[in-house]
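Chain residues, written in single-letter form:
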Amino acid sequence: MGLRKTLAHFFFGDLIQDMIQQAGAVSVRVDDSSGWDSLSGGGPADRPWADKYSDLEETLEAWQKNFFVRRLVTLTRSYAVAGGITITSEVPQVQTFIEDFWNHRQNRMDRRVGPICDEFTRAGEIFPVLFTNKADGMSYVRFVPASRIRAIETDEDDYETELRYAQTRQQTAEPKWWIGPGHKRAFKTYYNKLQPLMLHYAVNKPIGATRGESDLLPVLPWARRYSEWLKDRVRLNRIRTRQALLQIRVQDPSQVEKKRRQIRTDNPIEKGIYVSGPDEEVIAHDLSIDASDAKEDGKALRLALATGGNVGLHYLGEGETVNYATAKEMGEPTARFYAERQDDLIAALEGIVAAAYRRHCVIIGREWPGRQELQLVASAAEVARADNQSLAQAAKDVVQALAQMRSLAWIDDETAAKLAFKFAGEPLGDEEIKEILRSTQPLQAHPSPDEDGGGDGGGGPE
């Protein structure tokens, strides 16, 4: 009996322990929970699941039906993704894996970058899942909607260490659990295979929270109001056109009903022509909806939408009241916002690639070198090309001025290099500057005419 227990503990110890923990967790939820509270873990600033789920559903519906919301999401993709984002590595074996992973027919990451960006804008977070092939270590990426992730289980002492994710099911109240990057089996084989791994990347995440927030939450109320305002204008205009534009007064009372039946069968409004007799008086009504009075109301609503969406009105096709100088000034904050979103997108893609390669190393038995040793490099289109051109021209002018200052011995090489990189927008540390100067040969100064004897008072051979 002792041998049997020993063998069972050796082969199935982890499984038995997990079953005990899950049984304990279930009993706690059944006895103490109302069934709607968060299952476990999470951050201290996370909102209740009911509120989060409602916002996610409303945001998705608004993106599907509201043209203004769709435009804001498309704008973010157009600038943050632009021509696409690629991840490469300077390490040959890592680069080989990235090419296979990125272009695999089950992944096709170049086609997923745009939808990932859209999901960041709509939901504020993405939940990719890596399914790793135990034969060759290749991982296949799938995504679970944020509206299906009910709870995040975190470490008791560190809410930023995410252990498991609870996905809601339609058939049962019990959630489906996915292991997270902080789980002990995230990068450890179990029965010679790796369990599917869920990752989590979020934007607009308050300090103390594990869940991200949608970019569209401040916009949704105003998008609904603008849609209702437009519907009211169209509805009022329809009512106006259906009103009696002509009033006909018939002198003979016995002919009124006959004339009414005639008008109903042969509407002169649709024909555009009406012939009246001497005993009839025709009055044309001018029903005005005062569109000019409502113009400013519509503009105020559009301004609220643009402000909530971090864009100027000219991004939404309204350029009549904006000149070039104003549009340029209004475009700078928007460009910075799109650049930050591009950085968030790149960080998520690099995290997915790094996790996939780490699991690949586990399967093939290769030592994991560490995240920094992968030397990942992201390539993406510049968000604000005009600003970069201005910056490049300014850096060129500064370098020329510093070179002249150096030739006059006003500054040394180290100071000149430090100032040049600072004005170029890429400040470097003292050690990096010294390494650059050690690895490059300084330009030899051209001798002056007095030094080479070529001046007017040159002392040629007598």
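If you're wondering where the values come from, they're calculated on a predicted model, not measured in any experiment. (Residues numbered from 1 in each chain as written. Predicted model: local features only at pLDDT ≥ 70, side-chain atom pairs only at ≥ 80, totals over all residues. Heavy atoms only, no water.)

A.B. asks: Before we go on, may I ask you to explain the overall build of the chain in this structure?
C.D. replies: Helix and strand content of the chain: 14 helices and eleven strands. Pairs at least 24 apart in sequence give 65% of the contacts found in the chain among residues at least 6 apart. Of the accessible surface of the chain, which amounts to about 29100 Å², a share of 51% is contributed by carbon and sulfur atoms. (Helix = DSSP H or I, 4+ residues; strand = E, 2+ residues; numbered from the N terminus. Contact = heavy atoms within 4.5 Å. Areas by Shrake-Rupley, 256 points an atom, 1.4 Å probe, with all protein chains shown as cover.)

A.B. asks: How should I be thinking about the nonpolar core in this particular structure?
C.D. replies: Nonpolar side chains in soluble globular proteins tend to be buried together. Within the largest apolar cluster, 40 residues are counted, with the highest numbers of intra-cluster contacts made by Phe 101, Phe 120, Leu 345 and Leu 349. Listing elements by their share of this core, those giving two or more residues are β1 (85–89), α4 (92–103), α5 (109–123), β2 (125–132), β3 (139–144) and α10 (324–364). With eleven residues, α10 is the single largest residue contributor to this core. Not counting residues within four places of it along the chain, the set of residues in contact with Phe 101 comprises Asn 107, Met 109, Met 138, Ser 139, Val 141, Ile 352, Val 353 and Ala 356. Among the nonpolar cores identified, the runner-up in size contains 22 residues, and Phe 68, Val 73, Val 311 and Ala 335 belong to it. (Core = buried A, V, L, I, M, F, W, Y, C linked by side-chain atoms within 4.5 Å. Buried < 20%, exposed > 50% of the residue type's maximum accessible area, 1.4 Å probe, protein only.)

A.B. asks: I tried to follow the side chain of Lys 52 on my own but got confused; where do I start?
C.D. replies: As for its position among the elements, Lys 52 is in helix α2 (residues 49–65). A residue is classified by how much of its surface remains accessible, and Lys 52, at 5% relative accessible area, is buried. Residues in contact with Lys 52, not counting those within four places in the same chain, are Arg 47, Ala 123, Glu 125, Arg 211, Gly 212 and Glu 213.

A.B. asks: Help me understand the packing of aromatic side chains, please; the structure alone is not making it clear to me.
C.D. replies: Working definition: an aromatic ring pair is given by the centre-to-centre distance plus the angle between the planes. All chains considered together, the criterion is met by 13 aromatic pairs. Ring plane angle 55° and centroid distance 5.5 Å describe the contact between Phe 337 and Tyr 338, whose orientation is recorded as tilted. The burial state of Phe 337 is the same as that of Tyr 338; both residues are buried. Sitting above the plane of the Trp 177 ring, Arg 164 keeps its charged end 4.0 Å from the centroid. (Phe/Tyr/Trp six-rings, centres within 6.5 Å; stacked < 30°, edge-to-face > 60°. Lys NZ or Arg CZ within 6 Å of the ring centre and 35° of its normal.)

A.B. asks: Sorry if this is basic, but what is going on with helix α12 (residues 413–423) here?
C.D. replies: Given 3.6 residues per turn, any residue in an α-helix points the same way as the ones three and four places further on. Inspection of α12 places Ala 416, Ala 417 and Ala 420 among the buried residues, and these make up the whole buried set. In an axial view of α12, the angular spread of the buried residues amounts to 95°, which keeps them on one side of the axis. (Arc of directions from axis to C-beta.)

A.B. asks: Help me out: how do you make sense of the pattern of salt bridges in this one?
C.D. replies: Opposite charge on two side chains permits pairing when their charged atoms draw close. Using the criterion set out here, one finds 19 salt bridges in the structure. The closest approach of N and O atoms between Glu 213 and Arg 47, which form a salt bridge, is 3.1 Å. Linking Glu 213 in the loop between β8 (201–202) and α6 (220–242) with Arg 47 in the loop between α1 (2–32) and α2, this pair joins segments that are 166 residues apart in sequence. According to the relative accessible area criterion, Glu 213 is buried, its value standing at 17%. When the shortest N-O distance is used, the salt bridge between Glu 213 and Lys 52 registers 3.9 Å. Of this pair, Glu 213 sits in the loop between β8 and α6 while Lys 52 sits in helix α2, and the two are 161 residues apart along the sequence. A network of salt bridges, in which partner residues are shared, links Arg 47, Lys 52, Asp 55, Glu 125, Arg 211 and Glu 213. (Salt bridge = Lys/Arg side-chain N within 4 Å of Asp/Glu carboxyl O.)

A.B. asks: Please clarify how the environment of Trp 222 should be interpreted in this entry.
C.D. replies: Turning to its location among the elements, Trp 222 is positioned in helix α6. Taking the relative accessible area as the measure of exposure, Trp 222 reaches 35% and is therefore partly exposed. Along the primary structure Trp 222 and Phe 68 are separated by 154 residues, whereas in three dimensions their C-alpha atoms are 10.0 Å apart. If we skip the residues at most four places from it in the chain, Trp 222 touches Leu 301, Ala 304 and Leu 305.

A.B. asks: Just to check I follow, could you spell out the environment of Ile 363 for this structure?
C.D. replies: Structurally, the position occupied by Ile 363 is in helix α10. The buried category is assigned to Ile 363, whose relative accessible area is 19%. With 170 residues separating them in the primary sequence, Ile 363 and Lys 193 have C-alpha atoms 7.7 Å apart. Setting aside chain neighbours within four positions, we find Ile 363 in contact with Thr 132, Asn 133, Lys 134, Asp 136, Gly 137, Thr 189 and Leu 194.

A.B. asks: Can you help me understand the pairing of β2 in this one?
C.D. replies: A regular strand places its side chains on the two faces of the sheet in alternate fashion. Counted residue by residue, β2 has seven buried out of eight residues, so it is predominantly covered. With two bridges connecting them, β2 and β8 associate as antiparallel partners. Residue pairing in the sheet places Glu 125 in a bridge with Ala 202 of β8. What sits between the antiparallel neighbours β2 and β3 is a turn of six residues, in which Gly 137 has the positive phi angle 80°. Two strands pair when backbone bridges link them, and β2 and strand β7 (residues 197–198) are joined in this way by two bridges, in the antiparallel orientation. Bridge pairing in β7 links Leu 130 to Leu 197. (Pairing = 2+ DSSP bridges.)

A.B. asks: Looking at this structure, I do not really get the pairing of β3. What am I missing?
C.D. replies: As paired elements, β2 and β3 share six bridges and run antiparallel to each other. Looking across to β3, one finds that Thr 132 is bridged to Ser 139.

A.B. asks: What am I meant to see in the environment of Arg 406 here?
C.D. replies: Tracing the backbone through its elements, the reader meets Arg 406 in helix α11 (residues 385–407). For Arg 406, a relative accessible area of 35% puts it in the partly exposed group. Along the primary structure Arg 406 and Ala 416 are separated by ten residues, whereas in three dimensions their C-alpha atoms are 7.1 Å apart. Leaving out residues up to four positions away in the same chain, Arg 406 has contacts with Ile 411, Asp 412 and Asp 413. Polar contacts involving the side chain of Arg 406 include one to the side chain of Asp 413, which spans 2.5 Å. (Polar contact = N/O pair within 3.5 Å; in protein donor to acceptor, adjacent residues only side chain to side chain.)

A.B. asks: Can you walk me through unusual backbone geometry in this structure?
C.D. replies: Despite not being glycine, Asn 204 shows a phi value in the positive range, around 55°. Within the fold, Asn 204 resides in the loop between β8 and α6. Unlike most non-glycine residues, Gln 375 shows phi in positive territory, near 55°. Tracing the backbone shows Gln 375 in the loop between α10 and β11 (376–380).

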